[in-house]
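# Coordinate inspection notes
These are the residues of each chain, in order.
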Amino acid sequence: MPRTGGVYSPPAGTKGVSNTTIQSVPYNAFVDDLEADANAARPVTAGGTGSTTASGARTNLGLAIGTNVQAFDAGLQSISGLTTSADKMIYTTASDVYATTALTPFARTILDDATAGDALTTLGVSAFAKTVLDDADAATARATLGLTIGTNVQAFDPDLAAIAALVSAANKLPYATGSGTWALSDFTAFGRTLVDDADASTALTTLGVSTYVKTLLDDIDAAAARATLGLGSLATANTINNANWSGTALSVANGGTGSATAAAARTALGADSASNLTAGALPSARLTGAYTSGVTDFTMSGLFTVANSAPIIRLQDTTVSAYDGRLRLDANNLYIDGSSDGATYAEVLRFELDTKIGYMNQLFLGSTGEAIRLNAPTAGQDPYVSFYAGGVRQAYIQSTDGTGINQGLRLYNDIATGGDTALTLRNSGGVDSLEFQVAGVEYTVFHTGNLTSADLNSIYGYTAASRAVDIIAGNGLTGGGAISADRTLAIGTPSTLTATSTNSVGADTHAHDVDWGGGVASIAAGAVGSYAWCQRVNNTTGYTLGQTVPGTDLESASSSSGGGAALSGTWRCMGNIGAGSTAGGSLSLFLRIS
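These remarks concern the structure in this document. All figures in this text were calculated on a predicted structure; none of them were measured in a lab. (Residues numbered from 1 in each chain as written. Predicted model: local features only at pLDDT ≥ 70, side-chain atom pairs only at ≥ 80, totals over all residues. Heavy atoms only, no water.)

Of the regular secondary structure elements, the protein chain holds 16 helices and 27 strands. For the protein chain, the proportion of its 594 residues judged to be buried stands at 15%. Put simply, the protein chain shows about 41200 Å² of open surface, and 57% of that area lies on carbon and sulfur atoms. (Helix = DSSP H or I, 4+ residues; strand = E, 2+ residues; numbered from the N terminus. Buried < 20%, exposed > 50% of the residue type's maximum accessible area, 1.4 Å probe, protein only. Areas by Shrake-Rupley, 256 points an atom, 1.4 Å probe, with all protein chains shown as cover.)

Here it is, written out as structure tokens:
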């Protein structure tokens with residue numbers, strides 16, 4: 001196919017000439033040429049890519065990946081989305097995810113350093129400091145700094161640390177109180193004269209020991225000491241008895257009894273009567289012997305102590321059928337027990353000494369005055385009486401001081417359904433001081449002392465608007481008026497019944513239709529006496545005797561022997577009842593004929 005610079009041109013002889021027959025060979029060659037051109041890759045000069053493959057097309061267009069354009073990379077894509085500015089650098093925050101951070105001019109002076117030493121110099125680290133920074137361990141660093149323990153500085157010692165922590169003062173001497181612990185003791189001027197003595201003799205002289213006493217203090221045994229003291233053999237006797245005592249009785253003033261007999265000795269010593277025993281202790285033998293039968297009166301002003309693992313003081317009533325009591329201490333509880341037989345005891349009252357709480361099963365008060373007092377030591381500390389079941393508080397009674405909404409005598413229910421409830425008699429006083437609370441919401445209890453007519457009207461729905469409503473007496477009634485007062489409704493006087501009376505009502509009167517209740521089911525023709533006039537109910541037309549009624553006959557008494565068919569429907573008839581009676585007359589009776 002002829003192309004010039006990649007541009008297609010039709011072959012010669014292809015184009016038709018006016019009034020000339022188109023030759024088939026050039027024309028067919030042109031058509032084949034167009035077919036080949038349409039199926040061939042269009043060159044770049046003709047707006048194509050010159051290739052039938054994507055890779056060849058990119059190469060022909062100068063877009064070869066890796067040669068002309070950068071291959072796609074997620075990291076590069078992340079970098080392309082960054083917004084850069086002065087003194088910024090990029091860094092990764094995740095795989096192929098980049099962000100920017102500040103990069104100051106000073107930081108760039110560190111990044112261009114060739115070695116760590118250069119970087120430290122840039123950071124202002126001195127040559128000496130560098131010699132510390134490269135030390136491999138603490139010991140080497142201390143040596144570089146001139147702080148070698150035991151050479152340059154004192155090694156740590158708990159005794160030295162304890163001594164260093166002492167606060168020194170004049171005339172004090174440190175001394176050890178334990179391993180690594182020290183304290184200060186007074187070190188007087190006299191003490192200093194004692195510790196500077198050269199030998200024991202000088203120290204004794206400083207202590208004021210005489211030369212003679214020094215000769216006693218250096219004796220090697222008791223015999224040598226007695227010899228120094230000039231004591232004879234009596235000084236070594238273990239006891240003085242009749243065998244080695246030959247003197248007279250030693251007087252009480254000299255520590256003796258002044259007598260040779262026991263009775264005389266007790267008299268001399270004032271021990272011949274219990275009333276003479278003003279001090280001292282009775283031996284256990286006397287307490288478990290002669291005094292166990294009972295002491296009439298026992299009075300003391302000191303402390304009476306019963307001490308053992310579980311001390312008990314028993315109070316026994318010797319009266320027949322009397323009860324025993326005892327005071328018992330066991331662990332942290334102080335018990336008051338009772339017994340009806342002197343052998344079996346049961347707890348009556350218990351005090352926990354650690355919690356300061358008392359327990360008892362029942363309490364009966366017989367006082368007519370103040371029987372129980374709960375006294376708060378200071379204002380705001382309000383004691384209360386609580387009620388428990390199964391270890392859970394159910395309710396309590398408390399009197400609180402102050403004048404707030406809930407201040408006063410309170411009866412509180414802890415376990416009420418839907419929230420705690422309480423009844424409070426407030427300290428504020430007055431007719432509104434009784435208050436009821438439900439789940440923390442306060443309600444005033446209303447009663448005859450604080451209710452007004454307006455309150456009552458509000459309770460029963462009587463508003464100002466409702467009191468303006470009137471009771472209207474309707475047709476047939478009299479009376480009525482505004483409901484602000486009692487009103488009477490009366491039935492108006494009824495009108496006189498007539499032959500044509502119906503159920504009706506007027507402004508203050510009314511009338512009734514007379515209904516006999518279907519007393520006559522039917523009346524056969526000729527069986528009725530003389531009716532002056534009859535009318536079928538719901539029919540305005542009246543019929544006299546002898547008239548022909550549509551569907552039946554209404555006959556006179558003269559034809560009572562027979563005739564028309566029985567009447568049907570509901571009728572009103574007026575006239576005299578009875579065969580042979582004359583027509584007309586007064587109104588005798590209404591009959592409802594059904």
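There is more to say after this.
Moving on to the layout of surface pockets. Approximately 490 Å³ is the volume attributed to the second largest pocket. Ile357, Gly358, Tyr359, Met360 and Val385 are the residues nearest the centre of the second largest pocket, which is lined by 14 residues in total. Listing elements by their share of the lining of the second largest pocket, those giving two or more residues are β10 (346-352) and β11 (357-360). The dominant element in the lining of the second largest pocket, judged by the number of residues it contributes, is β11, at 4 residues. A per-class count over the lining of the second largest pocket returns 9 nonpolar, 3 polar and 2 charged. (1 Å grid on protein atoms, 1.4 Å probe; cavity = no way out; pocket = protein on both sides within 12 Å on 5 of 7 lines; lining within 4 Å. Points joined across faces, edges and corners; volume = space filled by probe spheres on them. Nonpolar A, V, L, I, M, F, W, Y, C, P; charged D, E, K, R; others polar.)

Under the definition given, this model contains 2 aromatic pairs. Between Tyr384 and Tyr396, the aromatic rings sit 5.1 Å apart at their centres with planes inclined by 50°, giving tilted as the arrangement. A residue pair is termed long-range when its members are at least 10 positions apart, and Tyr384 in strand β12 (residues 384-389) and Tyr396 in strand β13 (residues 392-399) qualify at 12 residues. Accessibility expressed as a relative area gives 40% for Tyr384, which makes it partly exposed. Each ring, one from Tyr396 and one from Tyr412, has its centre 4.9 Å from the other, and the planes form 15°; the classification is stacked. Highlighted residues: Tyr396 in strand β13 and Tyr412 in strand β14 (residues 408-413), separated in sequence by 16 residues. (Phe/Tyr/Trp six-rings, centres within 6.5 Å; stacked < 30°, edge-to-face > 60°.)

Next up on the list: the pattern of salt bridges. A full pass over the atoms with the stated rule returns 11 salt bridges. For Asp337, the salt bridge identified is with Arg326, shortest N-O distance 3.0 Å. A residue pair is termed long-range when its members are at least 10 positions apart, and Asp337 in strand β9 (residues 333-339) and Arg326 in strand β8 (residues 324-330) qualify at 11 residues. As a salt-bridge pair, Arg328 and Asp337 come within 2.7 Å of each other at their nearest N and O atoms. (Salt bridge = Lys/Arg side-chain N within 4 Å of Asp/Glu carboxyl O.)

In the sheet, strand β7 (residues 312-315) pairs with β8 via 4 bridges, with the strands oriented antiparallel. The partner of Ile313 across the bridge, within β8, is Leu327. Pairing of β8 with β9, which is carried by 7 bridges, proceeds in the antiparallel orientation. Following the sheet pairing, Asp324 is matched in β9 by Ser339. The turn joining β8 and β9, which pair antiparallel and follow one another in sequence, is formed by 2 residues; a positive phi near 55° is taken by Ala331. (Pairing = 2+ DSSP bridges.)

By the N-cap criterion, in which a side-chain oxygen at the helix start approaches the backbone nitrogen of a residue two or three places on, helix α13 (residues 262-269) is capped by Thr261, the distance to Ala264 being 3.2 Å. At the C-terminal side of α13, Gly270 shows a positive phi close to 70°. (Polar contact = N/O pair within 3.5 Å; in protein donor to acceptor, adjacent residues only side chain to side chain.)

In this section: the environment of Leu145. One can find Leu145 in the loop between α7 (138-144) and α8 (158-165). Considered as a pair, Leu145 and Val132 are 13 residues apart in the sequence and their alpha carbons are 7.4 Å apart. Leu145 has contacts with Phe128 and Val132, leaving out every residue within four places of it along the chain. (Contact = heavy atoms within 4.5 Å.)

This part covers the sheet that holds β11. Strand pairing in a sheet is mediated by backbone hydrogen bonds. Such pairs are either parallel or antiparallel. Sheet architecture is open: 5 strands sit in the order β7-β8-β9-β10-β11, paired in antiparallel fashion. Only two strands of the sheet have a single neighbouring strand rather than two, namely β7 and β11. Strand-to-strand twist in this sheet, taken as the mean axis angle between neighbours without regard to direction, amounts to 15°. (Axes fitted to C-alpha atoms, helices over the stretch in contact; angles between N-to-C directions.)

For the rest of this paragraph, the subject is unusual backbone geometry. Unlike most non-glycine residues, Asp96 shows phi in positive territory, near 60°. Of note, Asp96 is situated in the loop between β3 (88-94) and β4 (97-102). Exposure remark for Asp96: the relative accessible area of 38% places this residue in the partly exposed category. The backbone of Asn171 shows a phi angle near 60°, a positive value even though the residue is not glycine. With respect to the helices, strands and loops of the structure, Asn171 is situated in the loop between α8 and β5 (172-178). For Asn171, a relative accessible area of 44% puts it in the partly exposed group.

Attention now moves to the side chain of Gln437. With respect to the helices, strands and loops of the structure, Gln437 is situated in strand β16 (residues 434-438). Taking relative accessible area as the criterion, Gln437 reaches 4% and is therefore assigned buried. A distance of 3.2 Å separates the side chain of Gln437 from the side chain of Thr424, its partner in a polar contact. Here Glu435 takes part through its side chain, which lies 2.3 Å from a polar atom of the side chain of Gln437. The residues contacting Gln437, other than those within four sequence positions of it, are Asn406, Arg410, Asp420, Thr421, Ala422, Leu423, Thr424 and Glu442.

What follows deals with the pairing of β11. Note: β10 against β11, 4 bridges, orientation antiparallel. Following the sheet pairing, Phe351 is matched in β11 by Gly358. What sits between the antiparallel neighbours β10 and β11 is a turn of 4 residues, in which Lys356 has the positive phi angle 60°.

Further remarks concern the sheet that holds strand β18 (residues 470-472). The 3 strands lie next to each other as β18-β19-β20, forming an open sheet whose pairing is antiparallel. Each edge of the open sheet is held by one strand with a lone partner, namely β18 and β20 (489-491). The sheet shows a mean angle of 10° between the axes of neighbouring strands, direction not considered. Taken together, the 3 bridges between β18 and strand β19 (residues 477-482) define a ladder with antiparallel strand orientation. Each residue of the ladder has a partner; that of Ile471, found in β19, is Gly481.

The opening residue of helix α12 (residues 222-229), the one whose side-chain oxygen lies 3.3 Å from the backbone nitrogen of Ala223, is Asp221. Two residues or fewer after α12 comes Gly230, characterised by a positive phi angle close to 75°.

Right, let's get into the side chain of Arg426. The topology assignment puts Arg426 in strand β15 (residues 421-426). Not counting residues up to four positions away in its chain, the partners in contact with Arg426 are Ile405, Gln407, Gly408, Asp432, Ser433 and Glu435.

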